[in-house]
Amino acid sequence: MRVATWNVNSLNARLGRVLEWLEANGPDVALLQETKLRDEAFPTEAFAALGYASAHVGQGQWNGVAVVSRVGLAEVERGLSDGEARLVGATCGGLRAYSCYVPNGRALDDPHYAYKLRWLDELTARLAARDRSVPVVVAGDFNVAPADLDVWDPAALEGMTHVSGPERAALDGLVATGLVDAVRALHPDEPCFTWWDYRGGAFHRGWGMRIDLVYLDADLAPRVRAAYVDRDARKGPKPSDHAPVVVDLDL
DNA sequence: ATGTCCCAACTTTTGGGA
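Here we summarise the structure given alongside this text. (Residues numbered from 1 in each chain as written. Chains lettered and ligands numbered in written order. Predicted model: local features only at pLDDT ≥ 70, side-chain atom pairs only at ≥ 80, totals over all residues. Heavy atoms only, no water.)

### Brief notes about the protein's contact with DNA strand B
Taken together, 19 residues surround DNA strand B, and among them Ser10, Arg14, Arg106, Arg199 and Arg205 come closest. Close to the protein, within 4 Å, the atoms of DNA strand B belong to sugar or phosphate groups at a rate of 56%. Contact distances for DNA strand B include 3.5 Å between a sugar or linking oxygen and a side-chain N or O atom of glutamine 61. Within the contact set of DNA strand B, a sugar or linking oxygen lies 3.2 Å away from a backbone nitrogen or oxygen of tyrosine 198. It is helix H1 (residues 11–25) that contributes the most residues to the surface near DNA strand B, three residues altogether. (Near = heavy atom within 4 Å. Polar contact = N/O pair within 3.5 Å; in protein donor to acceptor, adjacent residues only side chain to side chain. Helix = DSSP H or I, 4+ residues; strand = E, 2+ residues; numbered from the N terminus.)

So, in structure tokens, the structure goes:
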């Protein structure tokens, strides 16, 4: 089973690249964020033509998350209590899969930062109460770099969002429900960024962060055969500012 | 670090968000 997560930064702007990537990489389940589409505008047919069923939670201009699966898609779960299109879950081929788009936070003194922490706490509560008979994957754009290894220059980010203690503690709380970071399970010491700002030549300078994460039920840790960032997908014409993360599981 | 991208709209330029 191949599971991927990708913040596409507008599925409208990125549809060609996303479909091309699905064909080339063949994930069984793809978890997408920042579709920036209303549900009516979601390109269900384009995914169906490649054999994928879809579940989308959209709101239009901002946010928007989707699960696309070619191994079945059932029991769709939509959103948290905030009303923003930031969470969708579905059961796909025996896996309970969640696509998450955690609020950015903007700055430590911004009300959006407190909203981010509340949102992560609600996600944690939701997962703490999960059905333990079905293995879970919780993946997406968390807008948090879990450790200093996950940013290009910790000193440059001092006092900024994405690296603060409370954000990292919130992720620790999520993990404590019985999850494992799939990429770190296989690559504990390797920097592997997933996001580079469009501005300032950040990609070519290596100014990135690992903020797109794949959390698996801890029981699945021994079943992870591969876990990597497809950095090449950040290259070329009209890329997203995020690269996909791919995890192969031997179920 | 900020040389970009994407969206909407009182739309051909600006403002908001990332």
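### As for the side chain of threonine 5
Along the polypeptide, threonine 5 turns up in strand S1 (residues 2–7). In this structure the side chain of threonine 5 is engaged in a polar contact, spanning 3.0 Å, whose partner is the side chain of glutamine 33. A polar contact is formed between the side chain of threonine 5 and the backbone nitrogen of glycine 140, at a distance of 3.4 Å.

### Let's talk about the pattern of salt bridges
The tally for this structure, following the rule as stated, stands at 16 salt bridges. Here glutamate 40 and arginine 38 are joined by a salt bridge, their closest N and O atoms 2.9 Å apart. Its relative accessible area of 45% is what places arginine 38 among the partly exposed residues. Notably, a salt bridge pairs aspartate 150 with arginine 184, separated by 2.7 Å at the nearest N-O pair. One end of the pair, aspartate 150, is in the loop between strand S8 (136–141) and helix H4 (165–175); the other, arginine 184, is in helix H5 (residues 182–186), with 34 residues separating them in the sequence. (Salt bridge = Lys/Arg side-chain N within 4 Å of Asp/Glu carboxyl O. Buried < 20%, exposed > 50% of the residue type's maximum accessible area, 1.4 Å probe, protein only.)

### What to know about the environment of valine 76
The residue valine 76 is located in strand S5 (residues 74–78) in this model. Residue classification places valine 76 among the partly exposed residues on the basis of a relative accessible area of 36%. In the structure, valine 76 is positioned 13 residues away from glycine 89 in sequence and 5.5 Å away in space, judged by C-alpha atoms.

### Remarks on the sheet that holds S8
Within the open sheet, the six strands sit side by side as S5-S6-S7-S8-S12-S9. Their pairing is mixed. For this open sheet the edge positions go to S5 and strand S9 (179–181), each flanked by a neighbour on one side alone. Going across the sheet, the axis of each strand differs from the next one's by a mean of 20°, ignoring polarity. In this structure, strand S7 (residues 95–101) lies alongside S8, joined through six bridges in parallel fashion. In the sheet register, arginine 96 faces S8, and the bridge partner there is valine 136. Set on the sheet, H4 makes contact with S9 and strand S12 (212–217); between it and S12 the angle comes to about 25°. (Pairing = 2+ DSSP bridges. Axes fitted to C-alpha atoms, helices over the stretch in contact; angles between N-to-C directions. Contact = heavy atoms within 4.5 Å.)

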